[in-house]
Structures are given as structure tokens and as C-alpha cells.
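The chain contents come next:
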Amino acid sequence: MKFRILTLFPEQFDSFAQTSIIGNAVRDGHIEISCTQIRDYSESKHRSVDDAPFGGGQGMVMQVQPLKDAMHSEPIGENAKVIYLSPRGKTLTHDKVVELSELAELILVCGHYEGVDQRFIDTYVDEEISIGDYVLTGGELAAMVVVDSVSRLIPGVLRDANASLDESFASGLLEYPHYTRPAIYDEMEVPAVLRSGNHAEIEYWRLVQALEITKVRRPDLYNAFMKHEHDEKTRRMLKKYLKT
Ligand SMILES: CN1CCN(c2ccccc2CNc2ccc(C(N)=O)cn2)CC1
């Protein structure tokens, strides 16, 4: 997967692209992250990329020309999608992340000021995506969220393959609680079942925890999960749970 980031602040991606799982994925060649400085493609003096909004109003708008030329500074692969990160976009979900992870190339456009000229969006943007219902100072953090969530689904990026599928959102439930040593800390003891070595009981306990947490915090996900088909083992545990 190749990520191309169109941004006014490429330096914001330096440590992101070098650190931890994403850094290793780049070094191992599983993903590629290249930033294009939009300002390098400004044709105006002082390298400006924005101008006052037609119709008046406060703030500035990013102009089409620098974005268009930044876009074409490298060939756009045929299996590529152009994503514009904005509060106006469709909210990112696990299903959308899965869909994006199947592409060969993702071009992520990071907006600033009040946004970009609509003609750029109409001509070049395949999808407007929001990472949630809140406002950021720029599209860069939203772009990193897309790179991170998509990259972890690329084969080879996560050590333990099913780690990316086992947990919440993929399974449809929020994650169960996790514990590690010591068994007692500040008089707080790890639930005994987790140290019983009884794997069936542990698996059931984890499912119940996930169901309970999801029912309280995300009843929408809980109801969707209860409507879905599940494998025989999960069905059996659900039946036991619903009896309690
Ligand atoms: C005051 N305005 C500043 C500029 N902004 C804007 C407008 C258009 C594009 C990008 C931005 C950058 N901001 C973002 C980006 C994404 C998200 C998200 N939720 O994905 C939230 N914010 C809108 C708000």
C-alpha cells in the first residue's frame, strides 16, 4: 500500500512514519508513506496557496492550482483513491478501513484554512472522510488516523495476524478487560478465572465482559451483534449468557 499525503506540513509526518508499528512497516516495505508539500506547487509569488473566499466571510480558502499540480507531481496509480479529510465527510468506520486497505494507493489531501475550493473536490476527490464529529486545526491528524487504521490491516504489518481481527469493531463488540502481572497490585486482584487455566471458562468470561461493556457503552453495536449470525461456539456461549 502506498500512501501519498498532500499537506502544508510534511514535517508533521516525520516521527509518525518512523515510529513503532508504522515505522517498522515502512522499513519492512509493507507500506510506503510519501508527503508532497503543496506549497512547492504554488505559482504565485510568496508561494501562497490560499485566497479570500468569494461571497465574503472570515478565513481563507485553499486554491485549486497548487493542489492540482501537487496531485499530478507523481503519477496517480489506477487502483488509487483520493480522500479528502474534512468534518463534512462520511465518518470513518471499520468497514470503510477494510475497504480502503484493499487498494494499492491512497492519496490523502489535508485541508487547512476554511477548506479547499469546491472545484478541486468535484474534480479530484473520490471520497470525503471525517474521523469523527469534532473540529481539528488541519487534516493532518485525520490523515494519520487513516494511515494507521488502514496499515494495521495490511498483511505483514501486525506480528500476530488475527490480532487485527479478534478485537472489537472487527468482532462487533468492544474489547474485554486486559490484565497482566502482578496478580495483586495495590490490593487489586486479577479475576480468578483468568488464572484458572480453564480456557473454555476464560473464553466465556471474556465474551460476557465484552457483551456487558458493549451493552452499556455502545447499545447500537450490542444490538447489531445480537442480530448477526455467529459460529456454533459463539452461539452456544450467547445462549448461556442470555439465560443468566
Ligand atoms: C475551523 N475549520 C478549520 C478547517 N477545517 C477543515 C475544513 C476542511 C478540511 C479540513 C479542515 C481541517 N480540520 C479538520 C479536518 C478533519 C476533521 C475530521 N473530523 O475528520 C476535522 N477537522 C474545518 C474547521
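Model, not experiment: these values are computed from the prediction.

Asker: Account for the site of the ligand, naming residues and giving values.
Answerer: Near the ligand, the surroundings consist of 17 residues, among which Tyr84, Tyr113, Ile131, Gly132 and Leu136 are the closest. Within the contact set of the ligand, a nitrogen atom lies 2.9 Å away from a backbone nitrogen or oxygen of Gly132. Contact between the ligand and Leu136: a nitrogen atom at 2.8 Å from a main-chain N or O atom of the residue. Calculation on the ligand without its partners gives an accessible area of 520 Å², and the protein chains cover 85% of this total. Split by residue class, the shell around the ligand holds 9 nonpolar, 7 polar and 1 charged.

Asker: Now, about the pattern of salt bridges: what can you tell me, with residues and values included?
Answerer: Applying the stated criterion to the full structure yields 16 salt bridges. In this structure, Glu32 and Lys2 form a salt bridge, with 3.5 Å as the shortest nitrogen-oxygen distance. Of this pair, Glu32 sits in strand 2 (residues 32–37) while Lys2 sits in strand 1 (residues 2–7), and the two are 30 residues apart along the sequence. Classification of Glu32 as partly exposed rests on a relative accessible area of 41%. Residue Asp40 pairs with Arg47 through a salt bridge whose shortest N-O separation is 3.2 Å. Taking the relative accessible area as the measure of exposure, Asp40 reaches 45% and is therefore partly exposed. The partly exposed category is assigned to Arg47, whose relative accessible area is 39%.

Asker: Describe the side chain of His230, and please don't skip the residues or the numbers.
Answerer: Mapped onto the elements, His230 comes out in the loop between helix 9 (219–227) and helix 10 (232–243). For His230, a relative accessible area of 18% translates into the label buried. One polar contact links the side chain of His230 to the main-chain carbonyl oxygen of His228, over a distance of 3.4 Å. The contact partners of His230, leaving out residues within four places of it in the chain, are Phe225, Arg235 and Leu238.

Analysis parameters
- Residues numbered from 1 in each chain as written.
- Predicted model: local features only at pLDDT ≥ 70, side-chain atom pairs only at ≥ 80, totals over all residues.
- Heavy atoms only, no water.
- Near = heavy atom within 4 Å.
- Polar contact = N/O pair within 3.5 Å; in protein donor to acceptor, adjacent residues only side chain to side chain.
- Areas by Shrake-Rupley, 256 points an atom, 1.4 Å probe, with all protein chains shown as cover.
- Nonpolar A, V, L, I, M, F, W, Y, C, P; charged D, E, K, R; others polar.
- Salt bridge = Lys/Arg side-chain N within 4 Å of Asp/Glu carboxyl O.
- Helix = DSSP H or I, 4+ residues; strand = E, 2+ residues; numbered from the N terminus.
- Buried < 20%, exposed > 50% of the residue type's maximum accessible area, 1.4 Å probe, protein only.
- Contact = heavy atoms within 4.5 Å.

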